[in-house]
Amino acid sequence: MIYITTPIYYPNDRPHLGTAYTTVVADAVARYWRLKGEAVYSLTGTDEHGLKIVRAAEERGMDPQEWVDQIVERFHETWDLLDIASDDFIRTTEPRHTASVQKLLAAIHAAGDIYEARYEGPYCVSCEAYYTDEELVDGACPVHDRPVEIHAEDNYFFRLSAYGDRLLAHIEANPGFVTPETRRNEVVSFIEHGLDDISVSRAALSWGVPLPWDESHVAYVWVDALINYISAAGYLDDEARFAAQWPAWAHLVGKDIIRFHAVIWPAMLMSAGLPLPRQIATHGFLLVGGAKMSKSSANQILPSDLVPTFGPDGYRYHFLRDVSFGPDGNFSWEGMVARYNADLANDYGNLVNRVLNLAERFRDGEVPAVASEAAAEEAALRAAAAGALEALAEFEEFRTKQALEGVWRLVRAANAFMEATEPWKLAKDPATAGRLDEVLNAALESLRVAAVLTWPAMPRAAESLWSRLGLAGSPGDGPLAETGVFGTFPASRVAKGDPLFPRIETEA
Ligand code: ME8
């Protein structure tokens, strides 16, 4: 089972392009695996406890539950807008999660890894994390560049310090545990520096999950949040499901939350005797004009600002094609328009339009199922299609850009095929009617394969193309090893329809 997760986001505000980035990548990769015929479980959700949420609610004069119930709807709307097909959406205020938090913490407590002590130190509410004085930059949070607060409490602590060696051994034995390599190195040097125990409870807060052994404390919001990944996998009361689903194939996370996922979370699992996730796949930040886009700053752009212009597919394609998973990436409107017009309106959209137009014009939309085994033009097309199919596997390494570049080799080859075979000339001479059938068939077949291969990135456009091709079911039905192979286009009735990706005029 391919169990793939996004972070669960804080519902302190609506999701923006940065939050959506992780979710879009996770959705495309999950769809890729579904297309291959794998059993997939994709999870996203919201991280609803903690001080940050309490404060966001207070600012609006609401109670936390009322506030999160309202914001969670904005998350659902955004994911619907972007055609995110998650199998599950977990909220940390749900009983299936709170009971699971208590179960895991009880296991860690029973393992002897919890003790009580007083803690005092600088706390960043935006991060929901304590810092040491050395980590602060001019007295401010190193991530948010905002003032920290001094918190002092009697807390329960988790013996994270006891897990350094085991964590290092795990990372060494599993080089793919934290990716990319630069992030793995960062985690390794952080652990080698020596781990401090962490506080796992809050006495001063009531908005959280009560500790099973002391109900006057609630679980620290990060400890609570990380457990979502097993709550959604049946940890609480579904042994068979948990065995099938856990450990996760990959947790996708931004670089800001890598320590929680690559240090604290695996140590908690080790303490409770549970297996570790296969991979923590880390990506960089989306920047706008060089600054990180975040919910707490003014440079937010929301998916709903872009989808009316680019459509869900243009949106997804841009972030998957232009942002490498790993380093930081810059967002610009101009870059997005240029990519859309070049790849979608010109290369792909025009190809679709042209081929379907010719099939309607010369064959009333019904092209016979005949293919040439011998023609050199078709051989080039078949080779490009095979290369594109192979490149799609780049999704397994989150190399979304390379996967789509591969698919575009087929799109370009199909355009070149049209130029080379000139079906509009073949149509003029009755003696070449047979060759015209073959050429149109091969052109339609390349559209069929392109619909299959673009489905993980652009499901809506792929499905629309599929129905224009008169095919039954969905290009996502798979299995890829069969449907992604270039063969003979089946006899069907095709129809051109409206342009798939109308050009965006930059003056507008
Ligand atoms: O950290 N560029 O939630 P969060 C790219 N609740 N990705 C970005 C981004 C940007 N500018 N801004 C945010 C939390 N992200 C915790 C997680 S998980 C158990 C708990 C993405 O709402 C990125 O994946 O602050 C980052 O890790 C996540 O949103 C943080 O979302």
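The coordinates are above.
Keep in mind it's a predicted model, so treat the numbers as computed, not measured.

### Things to note about the pairing of strand β1 (residues 2-9)
Next, step 1: With eight of eight residues buried, β1 lies mostly within the body of the structure.
Next, step 2: For β1 and strand β2 (residues 40-46), the ladder comprises six bridges, and the chain directions are parallel. From the neighbouring strand, Y3 faces β2, where its bridge partner is Y41.
Next, step 3: Pairing geometry for β1 and strand β12 (residues 250-254), over two bridges, is parallel. Counterpart to I4 in the pairing with β12 is A250.

### Brief notes about the sheet that holds strand β13 (residues 280-283)
Next, step 1: Within the open sheet, the six strands sit side by side as β3-β2-β1-β12-β13-β7. Their pairing is parallel. The sheet terminates laterally at β3 (88-91) and β7 (178-179), the two strands that pair on one side only.
Next, step 2: The sheet strands contacting helix α3 (residues 64-81) are β1, β2 and β3, and the helix crosses β3 at an angle near 160°.

### Observations concerning helix α4 (residues 95-110)
Next, step 1: In a regular helix each residue adds 1.5 Å, so 16 residues correspond to 22 Å; α4 covers 22 Å between its end C-alpha atoms and thus fits that length.
Next, step 2: Those residues of α4 lying buried are H97, S100, V101, L104, L105 and I108. Seen end-on, α4 carries its buried residues on one side only, within an arc spanning 130°. Residues of α4 that are exposed and point over 90 degrees away from its buried face: P95 and A110.
Next, step 3: Positioned one or two residues after α4, G112 has a phi angle of 80°, which is positive.

### Some thoughts on the environment of R259
Next, step 1: By the secondary structure assignment, R259 is in helix α10 (residues 258-272).
Next, step 2: If we ignore the near neighbours within four places in the chain, the residues touching R259 are E135, F190 and I264.

### Section: the sheet that holds strand β11 (residues 214-219)
Next, step 1: If you walk across this open sheet you meet the three strands as β9-β11-β10, and the pairing is antiparallel. Pairing within the sheet leaves two strands with one partner each, and these edge strands are β9 (201-202) and β10 (210-211).
Next, step 2: Bridging between β10 and β11 involves two bridges; their strand directions are antiparallel. Following the sheet pairing, P210 is matched in β11 by V218.

### A short note on the side chain of R468
Next, step 1: Relative to the helices and strands, R468 resides in helix α17 (residues 459-468).
Next, step 2: Buried charge without a partner: R468 forms no salt bridge, and the closest opposite charge is D498, 6.1 Å away.

### Some details on the packing of aromatic side chains
Next, step 1: Inspection of the entire model under this criterion finds 30 aromatic pairs.
Next, step 2: Pairing W33 with W249 gives two aromatic rings, centres 5.5 Å apart and planes at 80°, and the pair type is edge-to-face. Taken together, the residues W33 in helix α1 (residues 17-36) and W249 in the loop between α9 (239-245) and β12 connect sequence positions 216 residues apart.
Next, step 3: You can call W249 buried: its relative accessible area is 10%.
Next, step 4: Note on F310 and W333: the rings are 5.2 Å apart at their centroids and 70° apart in plane angle, and the pair reads as edge-to-face. In this pair, F310 sits in helix α11 (residues 303-322) while W333 sits in helix α12 (residues 333-363), placing the two residues 23 residues apart along the sequence.
Next, step 5: For W333, a relative accessible area of 36% translates into the label partly exposed.
Next, step 6: The structure contains a cluster of three or more aromatic residues connected by ring pairs, namely Y3, Y41, Y229, Y235, F242, W246 and W265.

Rules used in this analysis
Residues numbered from 1 in each chain as written. Predicted model: local features only at pLDDT ≥ 70, side-chain atom pairs only at ≥ 80, totals over all residues. Heavy atoms only, no water. Buried < 20%, exposed > 50% of the residue type's maximum accessible area, 1.4 Å probe, protein only. Helix = DSSP H or I, 4+ residues; strand = E, 2+ residues; numbered from the N terminus. Pairing = 2+ DSSP bridges. Contact = heavy atoms within 4.5 Å. Axes fitted to C-alpha atoms, helices over the stretch in contact; angles between N-to-C directions. Expected span 1.5 Å × (residues − 1). Arc of directions from axis to C-beta. Lys, Arg positive; Asp, Glu negative; His and termini not counted. Salt bridge = Lys/Arg side-chain N within 4 Å of Asp/Glu carboxyl O. Phe/Tyr/Trp six-rings, centres within 6.5 Å; stacked < 30°, edge-to-face > 60°.

On their own, these measurements won't tell you what the molecule is for.
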